[in-house]
Amino acid sequence: MIAREGFAVNHKKVRRIYTEEKLQVRRRGGRKRALGTRKPMVLPDGPNQRWSLDFVSDALTDGRRFRILAVVDDYSRENLVLVADTSLSGHRVVRELDRIIAERGAPMTIVSDNGTELTSMAILKWVQDTGIDWHYIAPGKPQQNGFIESFNGKLRDECLNETLFGTLAEARKTLEEWQEDYNWRRPHSALGNLTPMEFLQRKAMDKMAA
């Protein structure tokens, strides 16, 4: 029963009235999400054609969790950014992408999973504003984003699993040093045992000589 200022209305009667009058309670719609594209991806044959993006989680020695935003150029395997923070929202992802683009130009395609931050309104608006193709891999299919998955494995094995971080500042400094080593000094078998930067320089020289 619903009591209201001295009189009561039976729940069944309310339901019957709604049915007879064909009244409906408006259902709340789901949050609008960035849909992206699922079309097949072509292997890149030049830099800035396709970037892969993902998050990696770790913890400080006091147990506090933090996340790392990683972006990789799939052509050269170059690690474009490693950003560590306790919170990395869609708005923060957009700011970091804008910063990279200001330095080196925009990619044709970005590949990611369907995580909450990466399907947020901030990302949706950014995709609409920039016109950049955003490709979401199928749920539960990380192998469809193999370039960033391979990178994440190296980051964990060579850096995160080998280092204890007391503060976020320590983590950021270590990640910066590891990123420089990864891009400039670490050879990659997929690149003919060249570093990402050596690979880019070699390709640039070949293009000039052609």
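Everything below is about the structure shown above.
So, a few notes on the structure that sits alongside this text. Fair warning: this is a prediction, and the values are worked out from it, not measured in the lab.

Calculation notes
Residues numbered from 1 in each chain as written. Predicted model: local features only at pLDDT ≥ 70, side-chain atom pairs only at ≥ 80, totals over all residues. Heavy atoms only, no water. Pairing = 2+ DSSP bridges. Helix = DSSP H or I, 4+ residues; strand = E, 2+ residues; numbered from the N terminus. Axes fitted to C-alpha atoms, helices over the stretch in contact; angles between N-to-C directions. Contact = heavy atoms within 4.5 Å. 1 Å grid on protein atoms, 1.4 Å probe; cavity = no way out; pocket = protein on both sides within 12 Å on 5 of 7 lines; lining within 4 Å. Points joined across faces, edges and corners; volume = space filled by probe spheres on them. Phe/Tyr/Trp six-rings, centres within 6.5 Å; stacked < 30°, edge-to-face > 60°. Buried < 20%, exposed > 50% of the residue type's maximum accessible area, 1.4 Å probe, protein only. Lys NZ or Arg CZ within 6 Å of the ring centre and 35° of its normal.

What to know about the sheet that holds strand β5 (residues 79-85)
- As summarised here, the arrangement of the 5 strands in space is β5-β4-β3-β6-β7, forming an open sheet in which the pairing is mixed. The outermost strands of the open sheet, each flanked by one partner alone, are β5 and β7 (133-136). Averaged over all pairs of adjacent strands, the angle between strand axes in this sheet comes to 20°, irrespective of strand direction.
- In terms of strand pairing, strand β6 (residues 109-112) meets β7 through 4 bridges, oriented parallel. Its bridge partner lying in β7, Ser 112 is registered against Tyr 136.
- The sheet strands contacting helix α4 (residues 146-158) are β3 (50-59), β4 (65-73) and β5, and the helix crosses β3 at an angle near 35°.

Thoughts on the layout of surface pockets
- Of the voids in this model, the second largest pocket is the one considered here, and its volume is about 160 Å³.
- Lining the second largest pocket are Pro 47, Tyr 75, Leu 200, Lys 203, Ala 204 and Lys 207.

Re the packing of aromatic side chains
- Counted under the stated rule, the structure contains 7 aromatic pairs.
- Ring geometry for Phe 151 against Tyr 182: centres 5.1 Å apart, planes inclined by 90°, an arrangement best described as edge-to-face. One end of the pair, Phe 151, is in helix α4; the other, Tyr 182, is in helix α5 (residues 168-184), with 31 residues separating them in the sequence. The exposure classification of Phe 151 matches that of Tyr 182, with both residues buried.
- Through a chain of ring-to-ring contacts, the aromatic side chains of Trp 126, Trp 134 and Tyr 136 assemble into a single cluster.
- A cation sits over an aromatic face here: Arg 67 above Phe 55, 4.2 Å from the ring centre.

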